[in-house]
Amino acid sequence: MIYVDEAAGRFHLQGKGYSYCLQVDEEGRLLNLHFGARIPDGSLRRLVDDYRDGASFDPKVSRLPLELPSPGAGFMGEGALQVENTNGDNILRLRYEGYTLLDGKPALEGLPASYVESADEAQTLVITLKDELLPLRAELSYTVFRDHDVLARSLRLVNGGTEPVTLTKMQSASVPLYGEDFDYLHLKGGWARERRPLRAPLAGAAVRIESRRGASGHEENPFLALMEKSATERQGRVWGETLVYSGSFMAEAVPDNFGNTRLSIGLNPGVCRWRLNGGEAFQTPEALLAFSSEGLNGLSQAFHGLIRTRVCRGYWRDRERPVLINNWEATYFNFNEEKLVAIAEKARDIGVELFVLDDGWFGKRDSDNCSLGDWVADRRKLPGGIKGVSDKIHALGLRFGLWFEPEMVPPDSDLYRAHPDWCLHAKDRPRTEARQQLILDLSRQEVQDYIIAAVSAILGNEGVDYVKWDMNRNMTEPFSAALPPERQMETQHRYMLGLYRVLETLTAAFPQVLFESCSGGGGRFDCGMLYYMPQTWTSDDTDANERLYIQYGTSVVYPPAAMGAHVSAVPNHQTGRVSSFKMRGDVALAGNFGFELDLTALSPQDLAEAAEQVRTIKSLRGTLQKGTFTRLESPFAGNYAAWQFVSPDGDELLFCGYQRLVEPNPTTHRIRLCGLDAEAIYRLDDGTAYTGGELMEIGLSMPIAKEDFSSCVLRFRRERAPRA
Ligand code: GLA
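Residues numbered from 1 in each chain as written. Predicted model: local features only at pLDDT ≥ 70, side-chain atom pairs only at ≥ 80, totals over all residues. Heavy atoms only, no water.

As a further point, take the site of the ligand. Taken together, 13 residues form the shell around the ligand, and within it Asp 358, Asp 359, Lys 468, Gly 521 and Asp 540 come nearest. At 2.9 Å, a side-chain N or O of Arg 435 approaches an oxygen atom of the ligand. Burial of the ligand by the protein amounts to 96% of the accessible area it has alone, namely 310 Å². The residue inventory of the shell around the ligand, partitioned by class, reads 4 nonpolar, 3 polar and 6 charged. (Near = heavy atom within 4 Å. Polar contact = N/O pair within 3.5 Å; in protein donor to acceptor, adjacent residues only side chain to side chain. Areas by Shrake-Rupley, 256 points an atom, 1.4 Å probe, with all protein chains shown as cover. Nonpolar A, V, L, I, M, F, W, Y, C, P; charged D, E, K, R; others polar.)

This paragraph deals with the domain arrangement of the chain. Looking at the chain, the domain boundaries give domain 1 (2-310), domain 2 (324-623) and domain 3 (635-719). The distance between the C-alpha centroids of domain 1 and domain 2 comes to 34 Å. Residue-level contacts link 50 residues of domain 1 with 44 residues of domain 2. For the pair domain 1 and domain 2, the summed buried area comes to about 3,800 Å², and 57% of that belongs to carbon and sulfur atoms. Counting the surface domain 1 buries against domain 2, the share from its top three residues, Arg 195, Ser 246 and Trp 274, is 16%. (Domains from an automatic or database assignment. Contact = heavy atoms within 4.5 Å. Buried area = accessible area lost by both parts, 1.4 Å probe.)

Attention now goes to the packing of aromatic side chains. Evaluated as defined, the whole model comprises 31 aromatic pairs. When the centroid spacing of 4.9 Å and the interplanar angle of 65 degrees are considered together, the rings of Tyr 549 and Phe 636 count as edge-to-face. Of this pair, Tyr 549 sits in helix H10 (residues 544-554) while Phe 636 sits in the loop between strand E31 (628-633) and strand E32 (640-646), placing them 87 residues apart in sequence. Judged by relative accessible area, which is 12%, Tyr 549 ranks as buried. Members of the aromatic cluster, connected to one another through ring pairs, are Tyr 18, Tyr 20, Phe 35, Tyr 142, Phe 182, Trp 239 and Phe 291. One Lys or Arg, Arg 313, reaches over the ring of Tyr 531 and ends 3.6 Å from the middle of that ring. Over the face of the ring belonging to Phe 335 we find Lys 381, whose NZ or CZ atom lies 4.9 Å from the ring centre. (Phe/Tyr/Trp six-rings, centres within 6.5 Å; stacked < 30°, edge-to-face > 60°. Helix = DSSP H or I, 4+ residues; strand = E, 2+ residues; numbered from the N terminus. Buried < 20%, exposed > 50% of the residue type's maximum accessible area, 1.4 Å probe, protein only. Lys NZ or Arg CZ within 6 Å of the ring centre and 35° of its normal.)

Following the criterion strictly, the structure yields 61 salt bridges and no others. For Arg 717, the salt bridge goes to Glu 652, with nearest N and O atoms at 3.6 Å. Here Arg 717, found in strand E38 (residues 710-719), pairs with Glu 652, found in strand E33 (residues 652-659); they are 65 residues apart in sequence, far enough to count as distant. According to the relative accessible area criterion, Glu 652 is buried, its value standing at 6%. (Salt bridge = Lys/Arg side-chain N within 4 Å of Asp/Glu carboxyl O.)

Before going further, it helps to spend a moment on the sheet that holds strand E28 (residues 535-537). Whenever strands of a sheet pair, they do so through backbone hydrogen bonds, lying parallel or antiparallel. Read around the barrel, 8 strands follow the order E21-E22-E23-E26-E27-E28-E29-E30 and close on themselves; strand pairing throughout is parallel. Averaged over all adjacent pairs, the angle separating strand axes in this sheet is 30 degrees, with direction ignored. Taken together, the 4 bridges between strand E22 (residues 354-357) and strand E23 (residues 399-404) define a ladder with parallel strand orientation. For Leu 354, the partnering residue across the bridge sits in E23 and is Arg 399. Sheet strands in contact with H10 are E28 and strand E29 (563-568), and its direction is about 170 degrees off that of E29. Set on the sheet, helix H11 (residues 581-588) makes contact with E29 and strand E30 (592-596); between it and E29 the angle comes to about 170 degrees. (Pairing = 2+ DSSP bridges. Axes fitted to C-alpha atoms, helices over the stretch in contact; angles between N-to-C directions.)

Further remarks concern the pairing of strand E4 (residues 30-37). Within E4, 6 of the 8 residues are buried, which leaves it mostly tucked inside the rest of the structure. Taken together, the 7 bridges between strand E3 (residues 18-24) and E4 define a ladder with antiparallel strand orientation. Its bridge partner being in E4, Val 24 is matched across the sheet by Leu 30. Adjacent in sequence and paired antiparallel, E3 and E4 are bridged by 5 residues, among which Gly 28 carries a positive phi angle near 85 degrees.

Shown next as structure tokens:
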């Protein structure tokens, strides 16, 4: 609900569990008085006066909790909006002009964003600020969802004059939080070790989390949280932000010296400037903000609910995702049709539903150094082309999926030979290669159209039900042959807009194709990609032990239904580690389950176990995909990891516990569950019954491990307590 008190200049955005309170002060500045737990409307009159008093060396404006600060006129920080004016200065004095309030949520032009399906699901408030001198307007947009404890926030800048203005920093959200004694938490990683939650005290220093690489990246995820010192997974106040965007970003937590900490997120000003001509508008990506007074799990659950149902879209959003087999780790580039069909036959026998043909099917691609862009089947490997193999897979009763890496071009490709300037590059400078490839310049419409046509030709004619959309290097020389010098710093963002146009066109043209995004594993795991593709390949690291860390960390923001998770061979190809088939399956079940190994090489015993895993997954899919996911014990904290799923109706409970190393003379290790019905009975298949209270207060004892890397998955049915 959004309350507006026009006379008092007060806006109260009240979600299910949070309040976000804005106030126009006597000089027309927009102040943020509160973002935190929900409070009754009308609670804030007193707070406006807090900022009036106090002698200070700095001007008064520097101590105000400005909603959209800019440098140059009293605010001493860097600000959330920065411009270069025609006269060369960077001053903005933004003053309140007006607001509009509407039901529902308008789409953001050209950008992915959270959405609603009917107008009664949300309200959107747009507040307009205008510079006192220049005809520049800032439209701040806020959406409060009826069913989700997340606030969507973005900024649109309109140049109402005739002279150009250069935007040099335009954060999507920038919130001054009261307090400075916070810890911050971010998801740091690298290839094959993505999204490890790191928590540290802010201790008065500014913190910057960013990517400049033209992708959200493996190294940092577009996410930053602030936590009360005492907050844990299960209790305490936590604020978090993420961005519905897949390119370079910057998130910051900046304490001022008046007891506030500014939390912000948006495009990365280090690699993005935008020239806004008179009459033009610029829309920032959307930020999603959440607050939880129930610890980090509460924050994650708020993000999960919105992302799964109102960021992810389309035919597959709510449908059961198929159990898949991917041939990458089974064959790499070394396959032919016969080999693929042999794997698919075994897959059919154990109940797999989708066969995915990974890299190596096109051009003359026997290694990763050529042919991207030449999207024509290699007849040496596939004599009947893609249609030939997809027909055979379909005849087995499986769906057929195909790998693409459409954003790339290696110098050794027909596409590069035909269009050497179609890659991102800086004139007269060398082109830095990575994985022997260059990146196509998706800021150019002809390049976008080429990709749309090439991918459509295959999806439209060759019987493809699933696409793995990969992207295996990041940007260097991120400049375009098609832009004038003064617009070169727009290339990265124009690339993303071009990519989004390609994805919008393809997903609209092939609505029933299931798309999974990938970038060297989880190098582009963000809400921008999830808007087009409801699942992401979480990591190239398929080691079950490593996956405990990766999936645990990923779940801080993203729901399990968004994470691809596969059972692969041992010794594991990334780490050389050996773990049991059971452990590998029990870890993979906490995501979109699949296999990535040569099923024809499995022992009968492992094959039987694989079939059993598929049966289990199929019977649990509703709970795994749509249930409430709660982290119970962190693998980063010790020898164990655990999480639970509860079905939407609360009747099914799945506990997943993992132990890394065997312990000598082990002590009892209990794990407490969360959020259950204390009075109800939760019964295991073997008849053992527990009360919800017992599971939450005493917990489950992990069985004594007999080998390293073991797991314990327990499935309970709730029996409601008879009403007294
Ligand atoms: C990336 C992906 C892998 C696989 C290879 C193929 O690394 O993350 O899953 O598709 O590319 O080259």
